[in-house]
Structures are given as structure tokens and as C-alpha cells.
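Single-letter residue listing:
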Amino acid sequence: MSEPRPEIRRTGLGVSPGISFGRAYLIGRDTLKAPRHHIEPDDVDTELARLHKAIALSDKQLAKIKEKLASENESDYHIITAHQMMLHDEHLVGAAVEYIKENSINAEWGLRRAVDDIRAVFDSIEDPYLRERKSDVEFVFERVLRNLLGRETGPLAPPPDAVVVAYDLSPADTAQLHKAAVSGLITDAGGKTSHTAIIARAHEIPAVVGLEDITEVVETDDFLVIDGATGVVIVNPSAATVAEYREEQRRQVAAGMHLHSMKDLPARLRDGVDIQLLANIDGPDEIDAALDYGAVGIGLYRTEYLYMTGEALPDEEKHYQTTLKLLEKMKGRPATIRTFDLGADKLAKFVEEADLDEANPALGLRSVRLCLNDIGRELFRAQLRGLLRASAHGPIKLMFPMISGISELRAVKAIVDDIKIELRTKGQDFDEQIKLGIMIEMPSAALTADLLSRECDFFSIGTNDLIQYTMAVDRVNEYVSYLYEPLHPSILRLVGMVAEAARAANIPVTVCGEMAGEPMIAAVLIGLGIRELSMSAVSIPEVKDVIRQMAVADAERLITKVKTVSTAAEVRAIVSAYMFAISAPPKKPS
Ligand code: PEP
Ligand code: MG
């Protein structure tokens, strides 16, 4: 009898939580090599025709995959659209054509050289998100190469409940695997923002990426346990390990059920005060899930996605139709729509084409500044027209990002007034009472919140940027991420000031940055006077669970204590002790 294979543990990056068990379905690292040979000058046209045919076929295959996905998940759809656009990109195809013609080489070699040039550019990029986009070029290359070589590009067909093990997965692969009901995904490559991660999270498939050499460690049919939260992968687990993880899985499922069972309960504090728990979304296709997690409304709809994907820039009609779709799904629940917040880390083609060449894009012409500038003014007006027209059909509020102070607020409101006049003249309906609010996400706005509160209808505190600009720490720079601290006393003071200004002016204030979705921080925000929290929908059940165990008076006492200390670490210690106290079972009377 052969020896049982020993248990092997590896840790990667857990990017989509959940525990799963299954047999390995190995997708070997692709061994396709691009054949290289020189051709006769007379054959150049034949090679070019082969290349164009393979591109057209690849385009068709992607269109087919997209057709199947369209109604299901908009983000997968857009990623595949981006791949189709790459198929026609001048930098890729144009360069390949040039190589074939200039060097008299075959189509595969020409394409490989064009891809290598692009890879070299990606390698030199510092931003980890953009660097990872290199894999997209590879996926596109591989598909065209397979078509050039007449090699099958049929769908992957793992058995249900398999754990897929791959070097990396293309978005098209990942989306198909979700349909095949696989139980988990693990890959050698990838980071938190890789497509495998994004799509796995959207479809709630446990996933671990960045395991480096897992495709060499695992053999097809090996039994695997993966923990998508901690990033642990166990190959050939012992009986004791399986029992341990089954227990953990049961615990997580029970916790999930407990949280889900609260879906329809109000987020009510013990003393009867209600907190509004709202969802942050990137598009109407995320609304069903948000409502399922118990969101009572949308606190932040980031409309940037409309500009970052798709072939054409969104016009008035696109905004109108997208908002109608949102209203239909919301069935009368409120939604706050943020006008486009592009620039810096949120790239759009029209901004790139403006070739701004800024030394500090985060401090440059971005967000509402673009809307007030020639580069973005017409797009902004088109968005406002579409949104205002949609406001005739349901409860939406408009929110403007990155407002630095009163002058910008007045400038934006003047444009809204102008559009309202335009619509009235054309006899087009809109909500005359539509609420206009602003994001408070820089210290200049927080420090003048009392002034701003007199001229707008609501505030939403964007703590992601507020922390970035207060601490002078780039929110996507890993070298200084240790300074990115939501519980720093400066941040708590600013949030407290904004809450106080809103209370004095009697206008609502929401926190919509990531910190709103951290249960322990939610307690602090409530203590500071915040009553509306908007977050990733998946965080809602846990935040609600904490809210239902606390009272306003406790949260205010917590803040009194927090104000006596000077560092984020000390604040964290106080808040942790508080969380422990509210979750501990009551002491028996002695
Ligand atoms: C924020 O800055 O906190 C925010 C919610 O906006 P975004 O993350 O989209 O910049
Ligand atoms: Mg922001």
C-alpha cells in the first residue's frame, strides 16, 4: 500500500472569506509557446491575415462569454469588455503588425514581442493595482495565441465542489468557474485587487491568491481545505485537521445565519435610538445583495464606474437610464448618488487624454475640480441633467465629492440651478425639492463644516480621503500605510466637529468611508453623534449586531474616555475593552 501523502500547509493572501473543502482541479501553468520563425517577404500578408482572423475569433469568443454574463454581474461584464478593447488596441495590435512587417517574422512571434514591450511598461509601474493589470494583457495574448495555433479555448469544466488550483485565472475563466459551482479558488499569482479576488468576492467563493508555487505542490485530486479569510491552504489534511476546520466552518455558518436572521430587525440601540445602515455601491447590479444584507438605503453610489469601463463616456441618457434602473430596484428606498469623483487613483480615459502631467495628482485637478474645469464641465452637466430627470421618478439625493469649502459648493450649486432652468424651459420634470449634499473628506471642509452646513442639505464624511489628507498619507501607498489610522485623535476630532456642526444646523450626516463598516469603530462614531453609517453591504450584519448590544449613553461614556488619551493605539485599547465588555455575558450577581 502506498504511504498517505503528508499534510502540507501554505499561507497566501486570503481574498474572499469562507472555508471550503474539495478535490483539487489543477489548471496547469500554460505551456503554450509562441513559435518563432522568419518568413518570406511574400508571406507577410498571409501572417497579417492570420493575426486578424485570430483576433476576430477571440473577440467573438469573449462576446459569447459576455452574453451569458450580462444579466448576472456587471463587473465581470465590464472586465471582459476591457479585454475586447485590448484586442483592438493600437499599442498591442499595431505594434505586432509592425514587428511582422519590419522583421519578416510570423504572427505569433510578432504578437509575443508586442506583448513583451507592454509587459516591460507595466513592470516599471509602482502602483500595485496597475501593475497587476499586466496579467490582463497576458490573458488576451494567450487567447489570441491559442486561436492562431488552432488550440481549443473551450470552457474549463471542473467537477462541482472542486477547488480550482491555477497559476492565475482570467476574468473570463473565473466567471465561468462560478457557474460551475466550484467550492474554492487558489492561485500562485495575484493580489488583493487581482480579478480573481474581485470576482471571487462578488460571487462569494472562498479564495486564496499569491501562494507562489501552489500549482507545483498540489496534484489533481488531492484533498484540500482552504480558509479564504486567513489565507491558509492545507493539502492532504489529516483527519484531525479536517475535523478542526469542519468545526470552524460550522461556527462560521452559524454566525452567518445569526447575522442573516437579523436582516429585518432594526439597527436599534438598547435605548431605542435607531441607526440607519446604508450600503455603498458601484452600480445598480449590487442593490439586490445590499438589500439582502439588510441595507435600508444606498448611502453612496459611486458613479465613477460608468466612466472607467464601457466604450463610450456616459451621456445624459445613460445616467437617466442607470438611475431609473436603480430606482426600480430600490422600490421607494432612498439613494444618495455621488457625481463623478474621477482623477488620482480613479482613472478615466478622458482624464488621461488630457495629459495633465501632475506631480501630485491626489492634490491636483480631480473630482469636483474637474467638474468645474473645461475638461469635465460638459460631462458633469450631462450627468446632472440625467440625474435630475431621474429624480422625478423616486427618492434620490445628489452628493458632491471633494468639496474644499464654500466657494466650490456655491459654484456647483450654481450649475445645478442652471440645469434646473434648462429642464424647466424644456418642460422636463425633476424633483424641485431634491436634496444637495457634500462629502466632507478634507480638513478644510471639516474645519468649516459650520459654514458649509448653512448652504447644503446634508453631509457625508468620506473618511477614506479625510484620513489621507489629514495624515498626509497616500491611501494606496504600502510604505506609509502604518500611518493610515482611523482612530487617530485628529480624525476623531474632525468627525466630532462635523457631527456637531450638522446637529447644530439640523441637517443629517452620514459616515461613508470604510471605517463605518468596522464594528468597533461604528461604536466610536455613534458616540461622536453619527446616526447614519454607509458601508460595503457585507459589513452591515456585523455592525448591526454590535449596535443592538449598545446604548447611546455607553457610546458617549466611551468617547469621554477616548478623549483622555493621545495616541491611536491607546484609543484602540479603550475601544477593544469596551467591545469585550458589551459582548461578554452578564456577570452573575455575587
Ligand atoms: C471616502 O473618501 O471616504 C469615500 C467614501 O470616497 P472614495 O473612497 O470613493 O474616495
Ligand atoms: Mg473619497
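Scroll up for the structure.
Parameters at a glance
- Residues numbered from 1 in each chain as written.
- Chains lettered and ligands numbered in written order.
- Predicted model: local features only at pLDDT ≥ 70, side-chain atom pairs only at ≥ 80, totals over all residues.
- Heavy atoms only, no water.
- Phe/Tyr/Trp six-rings, centres within 6.5 Å; stacked < 30°, edge-to-face > 60°.
- Helix = DSSP H or I, 4+ residues; strand = E, 2+ residues; numbered from the N terminus.
- Buried < 20%, exposed > 50% of the residue type's maximum accessible area, 1.4 Å probe, protein only.
- Near = heavy atom within 4 Å.
- Polar contact = N/O pair within 3.5 Å; in protein donor to acceptor, adjacent residues only side chain to side chain.
- Areas by Shrake-Rupley, 256 points an atom, 1.4 Å probe, with all protein chains shown as cover.
- Nonpolar A, V, L, I, M, F, W, Y, C, P; charged D, E, K, R; others polar.
- Axes fitted to C-alpha atoms, helices over the stretch in contact; angles between N-to-C directions.
- Parallel < 35°, antiparallel > 145°, perpendicular 65-115°, else oblique.
- Left-handed = near helix turned anticlockwise from the far one by under 90°.
- Contact = heavy atoms within 4.5 Å.
- Pairing = 2+ DSSP bridges.
- Donors = N, O, S within 2.8 Å, 3.2 Å for Na, K, Ca; no water.
- Salt bridge = Lys/Arg side-chain N within 4 Å of Asp/Glu carboxyl O.
- Core = buried A, V, L, I, M, F, W, Y, C linked by side-chain atoms within 4.5 Å.
- Expected span 1.5 Å × (residues − 1).

Visitor: Honestly, the packing of aromatic side chains in this entry has me stumped. Any pointers?
Guide: To describe a pair of aromatic rings, one takes the distance between the centres and the angle between the planes. Applying the stated criterion to the full structure yields six aromatic pairs. Ring geometry for Tyr-307 and Phe-340: centres 4.8 Å apart, planes at 55 degrees, overall tilted. In this pair, Tyr-307 is assigned in helix 12 (residues 305–308) and Phe-340 in the loop between strand 11 (335–338) and helix 14 (349–353), connecting sequence segments 33 residues apart. According to the relative accessible area criterion, Tyr-307 is buried, its value standing at 4%. Classification of Phe-340 by relative accessible area gives buried; the value is 0%. Measuring from centroid to centroid gives 6.3 Å for Phe-380 and Phe-400, while their planes differ by 75 degrees, and the two rings are edge-to-face.

Visitor: Please explain the site of ligand 1 as it appears in this structure.
Guide: Neighbouring ligand 1 are 14 residues; Arg-302, Arg-338, Lys-346, Asn-464 and Arg-475 lie closest to it. Between ligand 1 and the protein, one listed contact pairs an oxygen atom with a side-chain N or O atom of Glu-441 at 2.9 Å. Between ligand 1 and Asn-464, the relevant distance is 2.7 Å, taken from an oxygen atom to a main-chain nitrogen or oxygen of the residue. Here ligand 1 loses 99% of its free accessible area of 290 Å² to cover by the protein chains. Classifying every residue of the shell around ligand 1 by side-chain character gives three nonpolar, four polar and seven charged.

Visitor: Would you explain the packing of helix 22 (residues 519–527) against helix 23 (residues 540–547) in this entry?
Guide: Each pair of packed helices can be described by the angle between their axes along with the distance between the axes. Relative to each other, helix 22 and helix 23 sit at 55 degrees, their axes nearing to 9 Å. Comparing their axes, helix 23 and helix 22 come out oblique. Helix 23 is crossed by helix 22, and the crossing has right-handed handedness. Here Pro-519, Ala-522 and Ile-526 of helix 22 lie close against helix 23, whose contacting residues are Glu-542, Val-543, Val-546 and Ile-547.

Visitor: Looking at this structure, I do not really get the pairing of strand 5 (residues 184–187). What am I missing?
Guide: Residues in a regular strand point their side chains to alternate faces of the sheet. Side chains of strand 5 alternate between two faces, with Gly-184 and Ile-186 and Leu-185 and Thr-187 buried alike. As defined by bridge partners, strand 4 (residues 163–166) adjoins strand 5 across four bridges and the pair is classed as parallel. Looking across to strand 5, one finds that Ala-166 is bridged to Thr-187. Where strand 5 and strand 6 (residues 207–209) come together, two bridges link them in parallel fashion.

Visitor: Is there a simple way to explain the coordination of the magnesium ion (ligand 2) in this structure?
Guide: In this structure, Glu-441 (OE) and Asp-465 (OD) serve as the protein donors to the magnesium ion (ligand 2), at separations of 2.0 to 2.2 Å. Linking Glu-441 in the loop between strand 13 (436–440) and helix 18 (443–447) with Asp-465 in helix 20 (residues 463–471), this pair joins segments that are 24 residues apart in sequence. Here the two residues Glu-441 and Asp-465 agree in accessibility, since each one is buried.

Visitor: It is not clear to me how the sheet that holds strand 7 (residues 223–227) should be interpreted in this structure. Could you clarify?
Guide: With mixed pairing, eight strands are arranged side by side in an open sheet as 1-8-7-3-4-5-6-2. Two strands in the sheet have a free side with no partner beyond their single neighbour: strand 1 (8–11) and strand 2 (13–16). For this sheet the average axis-to-axis angle between neighbouring strands, irrespective of direction, equals 30 degrees. The sheet contact formed by strand 1 and strand 8 (residues 232–235) spans four bridges and is antiparallel. By the bridge assignment for strand 8, Ile-8 is matched with Val-235. Sitting on the sheet, helix 10 (residues 239–261) touches strand 1, strand 3 (19–27), strand 7 and strand 8, and the angle it makes with strand 3 is about 120 degrees.

Visitor: Honestly, the environment of His-393 in this entry has me stumped. Any pointers?
Guide: Position of His-393 relative to the elements: it lies in the loop between helix 16 (377–390) and strand 12 (396–400). Along the primary structure His-393 and Asp-431 are separated by 38 residues, whereas in three dimensions their C-alpha atoms are 8.3 Å apart. If we ignore the near neighbours within four places in the chain, the residues touching His-393 are Tyr-320, Leu-324 and Leu-327. Reaching out from His-393, the side chain makes a polar contact with the side chain of Tyr-320 at a distance of 3.0 Å.

Visitor: Explanation requested: the pattern of salt bridges in the structure shown.
Guide: Where charged atoms of side chains with opposite charge meet at close range, the side chains can pair. Applying the stated rule across the entire model yields 26 salt bridges. Salt-bridge contacts for Arg-270 lead to Asp-554; the nearest nitrogen and oxygen are separated by 3.6 Å. With Arg-270 in the loop between helix 10 and strand 9 (276–281) and Asp-554 in helix 24 (residues 552–562), this pair connects stretches of sequence that are 284 residues apart. Linking Glu-455 and Arg-410 is a salt bridge whose minimum nitrogen-to-oxygen distance equals 2.7 Å. Of this pair, Glu-455 sits in the loop between helix 19 (449–452) and strand 14 (458–461) while Arg-410 sits in helix 17 (residues 406–426), and the two are 45 residues apart along the sequence. Several salt bridges converge on common partners, so that one network encompasses Glu-316, Glu-317, Arg-381, Arg-385, Arg-389, Asp-418 and Glu-422.

Visitor: How do you make sense of the nonpolar core when you look at a structure like this?
Guide: Note that soluble globular proteins tend to have their nonpolar side chains buried in a common cluster. Counting 106 residues, the largest nonpolar core has Leu-326, Phe-459 and Leu-533 as its most contacted members. Formed by 32 residues, the second largest nonpolar core is a distinct cluster that contains Ile-65, Ala-96, Leu-111 and Val-115.

Visitor: How do you make sense of the sheet that holds strand 13 when you look at a structure like this?
Guide: Sheet strands pair via backbone hydrogen bonds, and the direction of the pair is either parallel or antiparallel. Read around the closed barrel, eight strands run 9-10-11-12-13-14-15-16, paired in parallel fashion. In this sheet, neighbouring strand axes are inclined to one another by 25 degrees on average, regardless of whether the strands run parallel or antiparallel. Pairing analysis gives three bridges linking strand 10 (residues 298–302) to strand 11, with the strands arranged parallel. Bridging from a neighbouring strand, Ile-298 pairs with Ala-335 of strand 11.

Visitor: Please clarify how helix 13 (residues 316–330) should be interpreted in this entry.
Guide: The periodicity of an α-helix, 3.6 residues per turn, causes residues three or four positions apart to be oriented the same way. In a regular helix each residue adds 1.5 Å, so 15 residues correspond to 21 Å; helix 13 covers 21 Å between its end C-alpha atoms and thus fits that length. All of the buried residues in helix 13 are Glu-316, His-319, Tyr-320, Thr-322, Thr-323, Leu-326, Leu-327 and Met-330. Just downstream of helix 13 lies Lys-331, where phi reads positive at about 45 degrees.

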